[in-house]
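Chains, contacts and geometry: an overview
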Amino acid sequence: EALTVAVAERIDSTNSQLMQHATSSDLHGLVLAAELQTAGRGRLGRRWQMRLGSGLTFSLLWRFDKGLAGLAGLSLAVGVALARALRVLGAPVTLKWPNDVLLDGRKLAGILIELSGEAMGPAAVVIGIGLNLQLPGEVDQPVAALDQAGVRVGRNALLAALLNELQQVLDAFAKQGFAAVREEWLALSAHRDSPVRLSFSHGEPIEGIARGVADDGALEVETAAGMQRFHVGEVSLRAL
Ligand code: BTN
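Residues numbered from 1 in each chain as written. Predicted model: local features only at pLDDT ≥ 70, side-chain atom pairs only at ≥ 80, totals over all residues.

This part covers the UniProt feature "binding site: biotin" (unreviewed entry) in the protein. Mapped onto this numbering, the UniProt entry annotates "binding site: biotin" (unreviewed entry) at Ser13, Thr14, Asn15, Gln37, Arg41, Gly42, Arg43 and Lys107. Locating Thr14 in the fold gives a position in helix 1 (residues 14-19). Given 28 C-beta atoms within 10 Å, Thr14 falls into the buried group. Along the chain, the position of Gln37 falls in strand 2 (residues 30-37). Ignoring any residue separated from it by four or fewer positions in sequence, one finds Gln37 in contact with Ile11, Asp12, Ser13, Thr14 and Thr57. (UniProt positions renumbered as here; feature names shortened; annotations may be inferred. Helix = DSSP H or I, 4+ residues; strand = E, 2+ residues; numbered from the N terminus. Buried ≥ 20, exposed ≤ 12 C-beta atoms within 10 Å, placed from the backbone. Contact = placed C-beta atoms within 7 Å.)

Below, the structure is given as structure tokens:
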């Protein structure tokens, strides 16, 4: 089934724009890419900034028959789709829970998923992706760019490759949920069996060994208090 791709020269945020149309049922599969975002957003209320021409920024609107309750692990599944496409292009990327794409341990791409819908009824999601092609200027965390992996690919071809894998993974996810790609996610995981620190918006950080992910995408960490599960939300992970 074909996706429709629209490209904006300059826009506040491709996620914000698609979220405004998230409930209209005929827009399933609409992709909005932007040359420049003036108010790009990241996870946990952060900003996402990218210089003109130095990256790929786009969002995809997708509708599921199942409600929000059935979408646990979606952000991890999206990471698997991106990793598949990037590895075919020659970039040996890995995944960091919940949904960063890493190159040489540094962040190459980020994913921002926003949901609209009810717990039970059909849900619409906006899947936003920002990927560095060339290294940006000052940023507050270690970042990587695709050209560092020696990958020479045009933005149109890259977008097509990513969308192709996304479509396949999202179709599989619609039927089987995160379980469809869980093993693949584990094989791509950057921190499996490594010491990590989890920070929360409230409370003390927790340290342990990242062991795996559950069928709902929860991270399983072996701590002094035993195996604990953490859900995607107000938590961020750091390797120790
Ligand atoms: C993160 O790593 O925190 C997620 C970054 C997601 C950025 C993309 S760029 C396209 C889409 N539009 C936005 O405003 N954000 C996402």
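Taken as a whole, the protein is organised into domain 1 (4-188) and domain 2 (195-239). One C-alpha centre belongs to domain 1, the other to domain 2; they are set 23 Å apart. Counting residues at the interface gives 14 residues for domain 1 and 10 residues for domain 2. Counting residues per element, the ones that place at least two in the side of domain 1 that touches domain 2 are helix 2 (74-88) and helix 4 (182-188). When residues of the side of domain 1 that touches domain 2 are assigned to their parent elements, the largest contribution, 3 residues, is made by helix 4. Here the side of domain 1 that touches domain 2 is composed, by residue class, of 9 nonpolar, 3 polar and 2 charged. (Domains from an automatic or database assignment. Nonpolar A, V, L, I, M, F, W, Y, C, P; charged D, E, K, R; others polar.)

Below, the discussion takes up the site of the ligand. Taken together, 19 residues form the shell around the ligand, and within it Ser13, Gly42, Gly110, Gly128 and Gly130 come nearest. Secondary structure elements with two or more residues in the shell around the ligand: helix 1, strand 3 (55-64), strand 6 (106-117) and strand 7 (123-132). Grouping the constituent residues of the shell around the ligand by class yields 5 nonpolar, 11 polar and 3 charged. (Near = placed C-beta within 6 Å.)

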